[in-house]
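# An overview of the molecular structure
Listed below, chain by chain, are the residues.
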Amino acid sequence: IPVNQWVHVLATFSNTQQKARIYINGRLDAEKNTGAGSTLTNALSLRLGADHSAVPANLFSGAMAGVRLYTRQLTEAEISELAQDASQAVVGSQY
């Protein structure tokens, strides 16, 4: 991920397709097969910008805007549209 630049990051998980995907600025950047029966459940709280150790070296050093969580996997068209809507011209440079 480039530094000092606004970047749209989106992650999806599909239990039916057994895949986790990461999109950068609307384009597929990484994909991993998760295997049959994989679920993303545990007793830990969801943390954005930090891992569960809360070690300062592991904290995200930047700003986040427009964080969203969905209960379904987004389509490629939806992912592309969200990335376009989050361009710096629309979001602005205040972040």
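Note that this is a predicted model, so its numbers are computed, not measured.

## Examining the sheet that holds strand S1 (residues 9-14)
- Pairing within the open sheet is antiparallel, and its 3 strands lie in the order S1-S2-S3. The sheet is open, and its two borders are formed by S1 and strand S3 (27-33), each paired with just one other strand. Strand after strand, the sheet turns through a mean of 15 degrees between neighbouring axes, direction not considered.
- Where S1 meets strand S2 (residues 19-24), 6 bridges bridge the pair, whose relative direction is antiparallel. When the sheet's bridge partners are listed, Leu-10 is paired in S2 with Tyr-23.

## Looking at the pairing of S3
- S3 sits mainly on the outside: 0 of its 7 residues count as buried.
- Connecting the antiparallel pair S2 and S3 is a turn made up of 2 residues, with Asn-25 showing a positive phi of about 50 degrees.

## Considering the pairing of S2
- Hairpin connection between S1 and S2: a loop of 4 residues separates the two successive antiparallel strands, and Gln-18 in this loop has a positive phi of roughly 55 degrees.
- Where S2 meets S3, 6 bridges bridge the pair, whose relative direction is antiparallel. In the strand pairing of S3, Lys-19 is matched with Asn-33.

## So, the nonpolar core
- Core analysis: the largest hydrophobic core is formed by 5 residues, namely Leu-10, Tyr-23, Leu-74, Ile-79 and Leu-82.
- The residues contacting Leu-10, other than those within four sequence positions of it, are Arg-21, Ile-22, Tyr-23, Leu-74, Ile-79 and Leu-82.

## Things to note about the confidence of the model for the chain
- When pLDDT is averaged across the chain, the result is 81; 84% of the residues are at 70 or more.
- No element of the chain has a lower mean pLDDT than helix H2 (residues 88-91), at 57, and none a higher one than S3, at 94.

## A look at the side chain of Ser-14
- Assignment of secondary structure puts Ser-14 in strand S1.
- One polar contact links Ser-14 to Thr-16, side chain to side chain, over a distance of 3.2 Å.
- Polar side-chain contacts of Ser-14 include one of 3.2 Å to the side chain of Gln-73.
- Beyond its immediate sequence surroundings of up to four residues, Ser-14 is in contact with Lys-19 and Gln-73.

## Structural notes on unusual backbone geometry
- At Gln-18, a residue that is not glycine, the phi angle is positive and equals roughly 55 degrees.
- The topology assignment puts Gln-18 in the loop between S1 and S2.

Thresholds, definitions, all that
- Residues numbered from 1 in each chain as written.
- Predicted model: local features only at pLDDT ≥ 70, side-chain atom pairs only at ≥ 80, totals over all residues.
- Heavy atoms only, no water.
- Pairing = 2+ DSSP bridges.
- Helix = DSSP H or I, 4+ residues; strand = E, 2+ residues; numbered from the N terminus.
- Axes fitted to C-alpha atoms, helices over the stretch in contact; angles between N-to-C directions.
- Buried < 20%, exposed > 50% of the residue type's maximum accessible area, 1.4 Å probe, protein only.
- Core = buried A, V, L, I, M, F, W, Y, C linked by side-chain atoms within 4.5 Å.
- Contact = heavy atoms within 4.5 Å.
- pLDDT = per-residue confidence, 0-100.
- Polar contact = N/O pair within 3.5 Å; in protein donor to acceptor, adjacent residues only side chain to side chain.

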